[in-house]
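Structural description and commentary
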Amino acid sequence: MSTTLGRIADSLFVSPGSVSSPTDEVKVLQPHISPVVDLLNPNTLFGLSEREVAVESLVFLARQFEFLQPHLESVIPTSKRAFLAQFSSQTVSRAHELRRPVYRGVADRALNLEKILQMMGQVKWDIKEIMSQHSVYVDVAVQEMVLLKERLQAADRRVPVPKEAVDMIWGHCIRLMNRMFVEGFSLAKKCSNEGRALMQLDFQQFLMKLETLTDVRPIPDKQHVEMYVKAYYIGENDLEQWLRDHKEYSTKQLHSLVTSGIGAHLSKKSRQRLLSVVDEIDKSRR
């Protein structure tokens, strides 16, 4: 995608201060976003309406070109059809791919994950009894998703938001939130069996509320969280292989499994062996 955008920019825009050439006659100065467009306001989901108009207009034009392509092929010289086919495959067909990075720019800013992470870092996971009530941070996480829905609905009232865009934003926000759950769980310094049960209770409560807010299914990265919590129950002999098989988790998250999971009940030698596995995985990533 970046290569395609770079090629388009080179062919359309003239660089300020550059030496002019004959090809510059068909080029224009690179446009700049209007100062009245606010991409920093959380209440408008960081300019979602403006972003939507831009990217969906481009997708619409691409679809019209695809519709007209058979006709264009019939009226241009045979020698030029290869250029038309190349333009279609390398440029027009890529238009819809812009949706993901454009809408991801909204999703990346839509949630206050740092606040929730700080609350998770204060939870005591080394409790001695099974809890029947979920942790307070879960309610804050749910409220973030409620606020997201309200802002999406407000944006839809300004400019109707296509379902593809809504699903992309929801999907990425859910993925970010679920990744945050894993990061928050990895903050645990000590974790008892009852604490692991609380982790499961917290996540299930979040999922139950989330499913009433969106129809995105399956829930993105749901298994990413569940697998991490279940890893706390894995025995010493199986944990080493599990660590090697699940490099999708960060070094810090794998380290936490060893130190606050089963590793907390192992001998110093056994725990050090597992930590060496984590260090080995970390070096392989560099």
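Structure shown above.
What comes next is a walk through the structure. (Residues numbered from 1 in each chain as written. Predicted model: local features only at pLDDT ≥ 70, side-chain atom pairs only at ≥ 80, totals over all residues. Heavy atoms only, no water.)

Turning next to the packing of aromatic side chains. On inspection of all chains with the given rule, the structure shows nine aromatic pairs. Taking the centre distance of 5.3 Å and the plane angle of 75° together, the rings of Phe-65 and Phe-87 count as edge-to-face. Of the two residues, Phe-65 sits in helix H2 (residues 48–75) while Phe-87 sits in helix H3 (residues 81–90), which places them 22 residues apart along the sequence. Residue Phe-87 is classed as partly exposed on the basis of its relative accessible area, which comes to 39%. The structure contains a cluster of three or more aromatic residues connected by ring pairs, namely Trp-125, Tyr-137, Phe-181, Phe-185, Phe-203 and Phe-206. (Phe/Tyr/Trp six-rings, centres within 6.5 Å; stacked < 30°, edge-to-face > 60°. Helix = DSSP H or I, 4+ residues; strand = E, 2+ residues; numbered from the N terminus. Buried < 20%, exposed > 50% of the residue type's maximum accessible area, 1.4 Å probe, protein only.)

The next subject is the pattern of salt bridges. Going through the model one piece at a time under the given rule, you end up with 10 salt bridges. For Arg-104, the salt bridge identified is with Asp-108, shortest N-O distance 3.9 Å. Taken as a pair, Arg-104 and Asp-108 lie in helix H4 (residues 99–110) at a separation of four residues, close to a single helical turn. According to the relative accessible area criterion, Arg-104 is partly exposed, its value standing at 44%. (Salt bridge = Lys/Arg side-chain N within 4 Å of Asp/Glu carboxyl O.)

For the largest pocket, the calculated volume is near 540 Å³. Of all the secondary structure elements, the ones that give two or more residues to the lining of the largest pocket are helix H1 (2–12), H2 and H4. Here the lining of the largest pocket takes five residues from H2, the largest share from any one element. Its residues assigned to classes, the lining of the largest pocket comprises 13 nonpolar, two polar and two charged. In this structure, the second largest pocket spans a volume of roughly 350 Å³. Those elements giving two or more residues to the lining of the second largest pocket turn out to be H1 and H2. Per element, the largest residue contribution to the lining of the second largest pocket is six residues, and it comes from H1. Classifying every residue of the lining of the second largest pocket gives 12 nonpolar, three polar and two charged. (1 Å grid on protein atoms, 1.4 Å probe; cavity = no way out; pocket = protein on both sides within 12 Å on 5 of 7 lines; lining within 4 Å. Points joined across faces, edges and corners; volume = space filled by probe spheres on them. Nonpolar A, V, L, I, M, F, W, Y, C, P; charged D, E, K, R; others polar.)

Our next topic: the nonpolar core. Membership of the largest hydrophobic core comes to 66 residues, with the highest contact counts inside it found for Met-145, Met-177, Phe-181, Phe-185, Phe-206 and Leu-243. For this core, the leading source of residues is helix H7 (residues 163–185), giving 10 residues. In contact with Phe-181, other than residues within four places in its own chain, are Met-120, Tyr-137, Asp-202, Phe-203, Phe-206 and Val-225. Counting residues in each nonpolar core, the second largest holds five residues, with Ala-62, Phe-65, Val-92 and Ala-95 among its members. (Core = buried A, V, L, I, M, F, W, Y, C linked by side-chain atoms within 4.5 Å. Contact = heavy atoms within 4.5 Å.)

Scope: geometric values only; no functional claims are made or implied.
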